[in-house]
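Summary of structural features
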Amino acid sequence: MKQSCIYLLFLFFIANASAGAVTRYGVFDDAGKHLETSDQIKHGQKISLGFCFSLKVDTDETKLTLVETVVHPLITKSNGIESIGHSVPRKYPVHNKKVEGCAIYQAERAEDLVSGEWDFSISQNGIDLVNKKFRVY
């Protein structure tokens, strides 16, 4: 019985994790307009980087709180604060059991887009639903 419950939970998490899809990714302008599709980004420019997604959800709610997480190499901001990423809960509208949105990092300065791996994800209750990785070089 215990193994059956664990197996069912595993299937539930796998089903939820595969419910999301990346619809656009790469470089965006400051207004959120998609400019270029690429997961290999050259550093040295002040750009916005990220992805947009579509996610099937089984809820009757009109809004759903999801967590946007960005993990990146060490950045020292202009105010001296160091960062390796952030997680922010955001409310997304639900239309016809579907959530659509974007997770975009907007660099304040060209120096804020540092070389290395950048990992973006949208999650709920600690489970990644949509994920996109970039390499900044």
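The preceding data block contains the structure.
Since we're looking at a predicted model, the values are computed, not measured.

Here's the deal with the pairing of strand β4 (residues 48–56)
One face of the sheet, then the other: side chains in a regular strand alternate in exactly this way. Among the nine residues in β4, eight count as buried, and that is most of the element. Here eight bridges tie strand β1 (residues 20–28) to β4, and the two strands are oriented antiparallel to one another. Paired with glycine 26 across the two strands is glycine 50, which belongs to β4. Summarising the sheet, β4 and strand β7 (residues 98–106) pair through nine bridges and their orientation is antiparallel. The residue bridging glycine 50 from the neighbouring strand is isoleucine 104, located in β7.

Re unusual backbone geometry
A positive phi angle, close to 60°, is found at lysine 97, a residue other than glycine. Structurally, lysine 97 is set in the loop between β6 (82–95) and β7.

Considerations on the environment of leucine 35
Mapped onto the elements of the fold, leucine 35 is located in strand β2 (residues 34–36). Along the sequence, leucine 35 and tyrosine 25 sit ten residues apart, while their C-alpha atoms lie 9.2 Å from each other. Aside from chain neighbours lying at most four places away, what touches leucine 35 is Val27, Phe28 and Asp29.

With respect to the nonpolar core
Most often, soluble globular proteins keep nonpolar side chains buried together rather than apart. Counting 27 residues, the largest nonpolar core has Phe53, Leu66, Val99, Trp118 and Phe120 as the members making the most contacts within it. Those elements that provide at least two residues to this core are β4, β5 (63–76), β6, β7, β8 (116–124) and β9 (127–136). Beyond its immediate sequence surroundings of up to four residues, valine 99 is in contact with Phe53, Ser54, Leu55, Val57, Leu64, Leu66, Tyr92, Pro93 and Val94.

Here is what the cut-offs are and how they apply
Residues numbered from 1 in each chain as written. Predicted model: local features only at pLDDT ≥ 70, side-chain atom pairs only at ≥ 80, totals over all residues. Heavy atoms only, no water. Buried < 20%, exposed > 50% of the residue type's maximum accessible area, 1.4 Å probe, protein only. Helix = DSSP H or I, 4+ residues; strand = E, 2+ residues; numbered from the N terminus. Pairing = 2+ DSSP bridges. Contact = heavy atoms within 4.5 Å. Core = buried A, V, L, I, M, F, W, Y, C linked by side-chain atoms within 4.5 Å.

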